[in-house]
Amino acid sequence: MDETTWQTRRLSFGDVADVYDRSRPDYPAAAVGWLAGDIPRRVLDLGAGTGKLTRMLVDAGHEVVAVEPSAGMRSALRAGVPGAEVLDGAAEDIPLRGGSVDVVVAAQAYHWFDRVRALPEIARVLRPGGVLGLIWNQRDDGEPWVAALWALLGEHPSERHREGAPALAPPFGPVEAATFPHRQALDLGGLLDLVRSRSYVATLADAERTGLLERITELTRTHPDLAGRRQFGLPYVTEAYRAVRLPSG
Ligand SMILES: C[S@@+](CC[C@H](N)C(=O)[O-])C[C@H]1O[C@@H](n2cnc3c(N)ncnc32)[C@H](O)[C@@H]1O
């Protein structure tokens, strides 16, 4: 993908904030606990979007500050998660004091960051001994209808982040990895919203997007696993990674 396309997709989320919030999956509670711990902490949610993870962190008792560059996402976040402090900013320029948070998390967002600039910023705002946690819901193509759905969408690298464990160097310690099964219940409207919320689809021409949504509707009517059903359980494997910010560096 060229730089212009990448930037267009990266900035497209604010235009689909409502549909994004309605349709994207949340995260398994066990994964959120694994990333942020069970003791209330001051947690920064970077690239917080509409607050899918932010809401879970607030509900778990953490003091949460959410940083998000898209104005459209921020207004949905403020309305949807009043318990979090919401700031305009980006991973490469975090509007917080040095050493002021115990945990930094990025959900479905780290792949959008310019890591050369973002990682020193994350190390700066994390207190020594604090934790960087990264999480992605990866689609699970094990069920034939799910493979058929994503085949219709095509393989778009910006939508699939099977890059495995992030490459981190000091001042971050070794990366730990964990996976968690996850499932999202959707009706047809929810499934179509999920497709619309993807940056690749949000940036298509209207006619192309309409054609794609028609093909997906047809799949739900004709695929043997879906025909006659009103609810679809979309399976994911949630991948999580964490690393301690070492005292030095
Ligand atoms: C796929 S959404 C994930 C949103 C949310 N974390 C969630 O789990 O639903 C990616 C988010 O990253 C934000 N983003 C893109 N580039 C960013 C950057 N450089 N720094 C911080 N956030 C960024 C986008 O605006 C978008 O809200």
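All of these numbers come straight from a predicted model, not from anything done at the bench.

The rules behind each value
- Residues numbered from 1 in each chain as written.
- Predicted model: local features only at pLDDT ≥ 70, side-chain atom pairs only at ≥ 80, totals over all residues.
- Heavy atoms only, no water.
- Helix = DSSP H or I, 4+ residues; strand = E, 2+ residues; numbered from the N terminus.
- Buried < 20%, exposed > 50% of the residue type's maximum accessible area, 1.4 Å probe, protein only.
- Axes fitted to C-alpha atoms, helices over the stretch in contact; angles between N-to-C directions.
- Parallel < 35°, antiparallel > 145°, perpendicular 65-115°, else oblique.
- Contact = heavy atoms within 4.5 Å.
- Nonpolar A, V, L, I, M, F, W, Y, C, P; charged D, E, K, R; others polar.
- Right-handed = clockwise from strand over helix to strand, strands pointing away.
- Pairing = 2+ DSSP bridges.
- Near = heavy atom within 4 Å.
- Polar contact = N/O pair within 3.5 Å; in protein donor to acceptor, adjacent residues only side chain to side chain.
- Areas by Shrake-Rupley, 256 points an atom, 1.4 Å probe, with all protein chains shown as cover.
- Phe/Tyr/Trp six-rings, centres within 6.5 Å; stacked < 30°, edge-to-face > 60°.
- Lys NZ or Arg CZ within 6 Å of the ring centre and 35° of its normal.

1. As for the overall build of the protein
Logical step 1: Along the backbone of the protein there are 10 helices and 7 strands.
Logical step 2: The buried share of the protein, reckoned over its 249 residues, is 53%.

2. Topic: the packing of helix H3 (residues 29–36) against helix H4 (residues 52–59)
The description of two packed helices rests on the angle between their axes and on the distance between the axes.
Logical step 1: Two elements in contact, H3 and H4, have axes separated by 11 Å at closest approach and are oriented at 75 degrees. If you check the angle between H3 and H4, you find them roughly perpendicular. Two secondary-structure elements touch here, H3 through Ala29, Val32 and Ala36 and H4 through Leu53, Met56 and Leu57.
Logical step 2: Along the lines of polarity and charge, the residues of the contact of H3 with H4 split into 6 nonpolar, no polar and no charged.

3. Some thoughts on the pairing of strand E5 (residues 126–139)
Along any regular strand, the residues point their side chains to alternate faces of the sheet.
Logical step 1: Taking burial as the measure, the 14 residues of E5 include 11 buried ones, the bulk of the element.
Logical step 2: Chirality of the crossover, the property in question, places the unit of strand E4 (residues 101–107), helix H6 (residues 115–125) and E5 among those that are right-handed.
Logical step 3: Pairing between E5 and strand E7 (residues 232–244): 9 bridges, direction antiparallel. When the sheet's bridge partners are listed, Val131 is paired in E7 with Val244.

4. A word on the environment of Ala123
Logical step 1: Inspection of the secondary structure assignment puts Ala123 in helix H6.
Logical step 2: Classification of Ala123 as buried rests on a relative accessible area of 5%.
Logical step 3: Along the backbone, Ala123 and Val104 are 19 residues apart, and their C-alpha atoms lie at a distance of 9.2 Å.
Logical step 4: For Ala123, the contacting residues outside a window of four places in its chain are Pro171, Phe172 and Arg245.

5. Focus on H3
Logical step 1: Inspection of H3 places Ala31, Val32, Trp34, Leu35 and Ala36 among the buried residues, and these make up the whole buried set.
Logical step 2: Looking at the packing, one finds that the buried side of H3 touches H4, E4, E5, strand E6 (176–186) and E7.
Logical step 3: Positive backbone phi, at 80 degrees, marks Gly37, one or two positions downstream of H3.

6. Some points on the site of the ligand
Logical step 1: Inspection of the region around the ligand gives 20 residues, with Tyr20, Tyr27, Gly47, Glu68 and Ala107 positioned closest.
Logical step 2: Within the side chain of Tyr27, a nitrogen or oxygen atom sits 2.5 Å from an oxygen atom of the ligand.
Logical step 3: Taking Ala91, its main chain carries an N or O atom lying 2.9 Å from a nitrogen atom of the ligand.
Logical step 4: In isolation the ligand offers 600 Å² of accessible surface; the protein chains occlude 99% of this area.

7. Details of the environment of Ala84
Logical step 1: When you line up the elements, Ala84 lands in the loop between helix H5 (71–80) and strand E3 (85–88).
Logical step 2: Taking relative accessible area as the criterion, Ala84 reaches 11% and is therefore assigned buried.
Logical step 3: Measuring from C-alpha to C-alpha, the distance between Ala84 and Val64 comes to 5.1 Å, with 20 residues separating the pair along the chain.
Logical step 4: Those residues in contact with Ala84 that sit more than four places away from it in its chain are Thr54, Val58 and Val64.

8. Let's talk about the sheet that holds strand E1 (residues 42–46)
Strands pair in a sheet through their backbones, by hydrogen bonds, and they do so in one of two ways: parallel or antiparallel.
Logical step 1: Within the open sheet, the 7 strands sit side by side as E3-E2-E1-E4-E5-E7-E6. Their pairing is mixed. In the strand order of this sheet, the two ends are held by E3 and E6, each with one partner. This sheet shows a mean twist of 25 degrees between the axes of neighbouring strands, independent of strand direction.
Logical step 2: Docked against the sheet, H5 engages strand E2 (63–68) and E3, running at close to 170 degrees with respect to E3.
Logical step 3: In this fold helix H7 (residues 144–153) packs onto E5 and E7, with an angle of close to 80 degrees to the strand it touches most, E7.

9. Let's talk about the packing of aromatic side chains
Aromatic ring pairs: the centre-centre distance and the angle between the two ring planes describe each pair.
Logical step 1: Counted under the stated rule, the structure contains 5 aromatic pairs.
Logical step 2: For the ring pair Tyr110 and Trp136, a centre distance of 6.3 Å and an interplane angle of 75 degrees mean the geometry is edge-to-face. Here Trp136 lies in strand E5 and Tyr110 lies in the loop between E4 and H6, a separation of 26 residues in the sequence. Trp136 carries the same exposure label as Tyr110, and that label is buried.
Logical step 3: Note that Arg242 overlies the ring of Trp34, its terminal NZ or CZ placed 4.0 Å from the centroid.

10. Some points on the pairing of E4
Logical step 1: With respect to burial, E4 is a largely interior element, 6 of its 7 residues being buried.
Logical step 2: The pairing of E1 with E4 spans 3 bridges and is classified as parallel. When the sheet's bridge partners are listed, Val43 is paired in E4 with Val103.
Logical step 3: Direction of pairing for E4 relative to E5: parallel, over a ladder of 6 bridges. By the bridge assignment for E5, Val104 is matched with Leu132.

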